[in-house]
Amino acid sequence: MVRLAIGVVLALAMERAAAAATPSASRPSMPVATFSIVARDPATGDLGVAVQSHWFSVGSVVPWAEAGVGAVATQSFVEPSYGPKGLALMKQGVAPKEALAQLIAADAQRDVRQVAFVDSKGRVAVHTGAKCIPGAGQHAGDGYTTEANLMLTNEVPDAMAKAFESAKGPLAERMLAALLAAQGVGGDVRGRQSAAILVVRGSASDKPWTDRLVDLRIEDHAEPLKEMARLLTLHRAYELMNRGDDASALGKTDEAFRDYAAAAAMVPDNDEFVFWTAVTTVGNGRVDDALPLFAKAFRMNPSWMLLVPRLPAVGQLPETPGLVQRILAVGPKAELVAQ
């Protein structure tokens, strides 16, 4: 309750300060003070936004991205319309600097906004209004920007930039490294609460449901970046499992099991991976190899034993006489589950 009361008082104080600074305009709406990065991966063309804040559900407000178009972060006294409007302008071919300039010019509350754009060509633009709460600042790099307000120190944007440029791996992991660096030099003066990472393809495909590569949110957590790192690892493991399923469907059995093994190594306590790897192993005619996997899955979560008898009728296991009983026999209290 104390934390909530302090947050409400601070939010009201920030709104009053912004209203005083722009008396002829209506008050700014949501004070989502935070730090973020927008970036394009030069190797893949992927586009993304990563953000952390001491504000609930920052991922529902700050990050915007569209495959083949660009990415936007809109924060401070946030105006969400910068997201869709900025993307629409960049989709029309307007360069980020011009697009951002157009939107800022039309915004009576521009002095309390912090906004960053990157497009599919890696061009960037960033704005930090004069009335953003210190420490506030920005860093425009090659194909990325970092921006922050209401920070403990002024070091955050440059620390994020340095970490991003030196990090290796996919875009999401590199952006997470930038967020961790921001927290490492103090981060938000109020603390931490939520985080988000959004990554889309650099070029739109004919299957738009596949164009959003990473979309992870931590809505409310004592250590949102630690939780984000865990979820990002889990996300990569599920990517491997899905890739293994695709390989298995194409008859590439060895490739499929390499992907399954890699996924299981990343998250060894995931019973879902173990169980479905066992099912696929049976489907490839390797029942003896599958039984130890089923036994492991059943030990981790006996509820899987309830699912086994349902699978042959829907084609997930062969309708081989005695197969279900043989599988259940390796689990705990198998005789009770099989009846």
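Residues numbered from 1 in each chain as written. Predicted model: local features only at pLDDT ≥ 70, side-chain atom pairs only at ≥ 80, totals over all residues. Heavy atoms only, no water.

**Focus: the overall build of the chain**
- Scanning the chain from terminus to terminus reveals 12 helices and 11 strands.
- Across the 339 residues of the chain, 50% fall into the buried class.
- Taking the contacts inside the chain whose residues are at least 6 apart along the sequence as the reference set, 56% of them involve residues at least 24 apart.
- Roughly 15,900 Å² of accessible area belongs to the chain as shown, and the carbon and sulfur atoms make up 55% of that amount. (Helix = DSSP H or I, 4+ residues; strand = E, 2+ residues; numbered from the N terminus. Buried < 20%, exposed > 50% of the residue type's maximum accessible area, 1.4 Å probe, protein only. Contact = heavy atoms within 4.5 Å. Areas by Shrake-Rupley, 256 points an atom, 1.4 Å probe, with all protein chains shown as cover.)

**Quick word on the layout of surface pockets**
- Quantified by volume, the second largest pocket comes out at close to 230 Å³.
- The wall of the second largest pocket is formed by 16 residues, among which D245, Y260, W276, T280 and Q316 lie closest to the centre.
- Counting residues per element, the ones that place at least two in the lining of the second largest pocket are α6 (224-249) and α8 (271-283).
- It is α8 that contributes the most residues to the lining of the second largest pocket, 6 residues altogether.
- Of the residues contributing to the lining of the second largest pocket, the split by class is 8 nonpolar, 6 polar and 2 charged. (1 Å grid on protein atoms, 1.4 Å probe; cavity = no way out; pocket = protein on both sides within 12 Å on 5 of 7 lines; lining within 4 Å. Points joined across faces, edges and corners; volume = space filled by probe spheres on them. Nonpolar A, V, L, I, M, F, W, Y, C, P; charged D, E, K, R; others polar.)

**Details of the side chain of S36**
- Relative to the elements of secondary structure, S36 occurs in strand β2 (residues 34-40).
- For S36, a relative accessible area of 0% translates into the label buried.
- A polar contact of 2.7 Å, which involves the side chain of S36, links it to the side chain of Q75.
- At 2.9 Å, the side chain of S36 forms a polar contact with the side chain of E147.
- Filtering out sequence-adjacent residues up to four positions away, S36 remains in contact with A50, V51, A73, Q75, T145, T146, E147 and M160. (Polar contact = N/O pair within 3.5 Å; in protein donor to acceptor, adjacent residues only side chain to side chain.)

**Here's the deal with the pairing of strand β4 (residues 63-66)**
- What you see with β4 is a clean split: P63 and A65 sit on the buried side and W64 and E66 on the side with no burial.
- Relative to strand β5 (residues 70-78), β4 runs antiparallel, the two being bridged by 4 bridges. Bridge pairing in β5 links E66 to G70.
- What sits between β4 and β5 in their antiparallel hairpin is a turn of 3 residues, with G68 showing a positive phi close to 75°. (Pairing = 2+ DSSP bridges.)

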